[in-house]
Amino acid sequence: MRILSAAVASLALTVGAQVATAAPVELKFSHVVAENTPKGQMAIKFRDLVAERMADDVVVKVFPNSQLFGDNKVLEAMLLGDVQMAAPSLSKFQKYTTSLQLFDLPFLFKDMEAVERFQQSDAGQKLLGSLESKGLVGLGYLHNGMKQLSASEALRTPADASGKKFRIMTSDVLQAQFEAVEAVPLKKPFSEVFTLLQTKAIDGQENTWSNIYSKKFFEVQPYITESNHGVLDYLVVTSAEFWKGLDDDVRTELKKALDEAIAHGNKIAAEKADADKQAIIDSGRSEVISLTDAERQQWVEAMKPVWKQFEGEIGADLIDAAAASNN
Ligand code: LMR
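Not measured: the values here are computed from a predicted model.

A. Structural view of unusual backbone geometry. Here the phi dihedral of Phe-107 falls at roughly 60 degrees; this positive angle occurs in a residue that is not glycine. As for its placement among the helices and strands, Phe-107 is situated in the loop between strand S3 (85-86) and helix H4 (112-120). We classify Phe-107 as buried; its relative accessible area is 13%. Of note, the phi angle at Asn-228 is positive, near 45 degrees, even though the residue is not glycine.

Next comes the structure, spelled out in structure tokens:
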């Protein structure tokens, strides 16, 4: 009898184990921005498409607003298997590759169309693989938009930024960019920016219209200079271990859903660049400053030497290829 019940128990365990392996794979998607942003909407779209098409195989759980991991931890956590997908800004990969620093060079791209052309070019697509040796897989670019400068005082020329403290993402190129105008850059996580601005621990920051709007930076920054001096885009990443561990057909379907979600996010990015700027103007909380051509040229001349400073690390050919996308 005892032998029989042991056999039944072992059979139950085997069946249980089979059920367990058939459970859908959990894919945690962690990001730092609000849900009403290009990245927030892209992640939701991805989750919903996967739920619609492949609920038996994969379930996507989205964690916005640095709820699960902040900027500085998410890639480490991904390599440990604690999170499976994220889309950090291209400025946040410096610890893993120097090539992506390209995107931080000031005044490299004249607009988002140029950014898109470069990302889709052979050189741009090759960069998706730049994290391979570190165990990370670049699955695609996602747009946010061009960056603007917000501050506690009006910034019209580089001299206005001199001596002021600006929060930057963890990028040496961005550090050099602010040092080039004699400002004081401070590398801080996105989750701390609002409080740093509100308490006046810093004077300003650079970001896109949708981040300035959704995180309410405009409520604590009386001036925003429409400088369009750089781009803030994302790389959607996963770990090689997770990605290669999926069944081939599951991986293919997942990538298809992701590509569609990215297209959706890109559409929202384009819409929000205008709509969120307008919402900020309408709020009356922050004055949006347009630069004259001569004023803008001063910023270009002050910041452009940064290109030479990083040419060795990034590669002159890559910089030329990116600059050529403006034509
Ligand atoms: C920032 O840190 O300012 C941005 O990278 C946040 C984001 O993910 O858009």
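B. Focus on the layout of surface pockets. In this model, the largest pocket occupies a volume close to 410 Å³. Taken together, 24 residues form the lining of the largest pocket, with Met-112, Gly-145, Met-146, Ala-270 and Ala-273 sitting closest to its centre. Secondary-structure elements contributing two or more residues to the lining of the largest pocket are H4, strand S4 (136-146), helix H9 (209-214) and helix H11 (248-283). The leading source of residues in the lining of the largest pocket is H11, at 7 residues. The volume enclosed by the second largest pocket comes to roughly 170 Å³. Of the residues that constitute the lining of the second largest pocket, the class distribution is 3 nonpolar, 3 polar and 4 charged.

C. Spatial organisation of the site of the ligand. Near the ligand you find Val-32, Val-33, Lys-39, Ser-89, Lys-92, Arg-167, Met-169, Phe-190, Asn-207, Asn-211, Leu-232 and Tyr-234, and these make up its full shell. Separating an oxygen atom of the ligand from a side-chain N or O atom of Asn-207 is a distance of 2.9 Å. Tyr-234 has a polar side-chain atom sitting 2.5 Å from an oxygen atom of the ligand. In isolation the ligand has 270 Å² of accessible area, and contact with the protein removes 100% of it.

D. Representation of the packing of helix H7 (residues 172-179) against helix H13 (residues 305-314) within the structure. With their axes 9 Å apart at the nearest point, H7 and H13 run at an angle of 150 degrees to one another. Judged on the interaxial angle alone, H13 and H7 are roughly antiparallel. Remark: the crossing between H7 and H13 carries right-handed chirality. Residues Asp-172, Val-173, Ala-176 and Gln-177 of H7 form the contact with H13, whose participating residues are Val-306, Gln-309 and Phe-310. Of the residues assigned to the contact of H7 with H13, the class counts are 4 nonpolar, 2 polar and 1 charged.

Rules and cut-offs
Residues numbered from 1 in each chain as written. Predicted model: local features only at pLDDT ≥ 70, side-chain atom pairs only at ≥ 80, totals over all residues. Heavy atoms only, no water. Helix = DSSP H or I, 4+ residues; strand = E, 2+ residues; numbered from the N terminus. Buried < 20%, exposed > 50% of the residue type's maximum accessible area, 1.4 Å probe, protein only. 1 Å grid on protein atoms, 1.4 Å probe; cavity = no way out; pocket = protein on both sides within 12 Å on 5 of 7 lines; lining within 4 Å. Points joined across faces, edges and corners; volume = space filled by probe spheres on them. Nonpolar A, V, L, I, M, F, W, Y, C, P; charged D, E, K, R; others polar. Near = heavy atom within 4 Å. Polar contact = N/O pair within 3.5 Å; in protein donor to acceptor, adjacent residues only side chain to side chain. Areas by Shrake-Rupley, 256 points an atom, 1.4 Å probe, with all protein chains shown as cover. Axes fitted to C-alpha atoms, helices over the stretch in contact; angles between N-to-C directions. Parallel < 35°, antiparallel > 145°, perpendicular 65-115°, else oblique. Left-handed = near helix turned anticlockwise from the far one by under 90°. Contact = heavy atoms within 4.5 Å.

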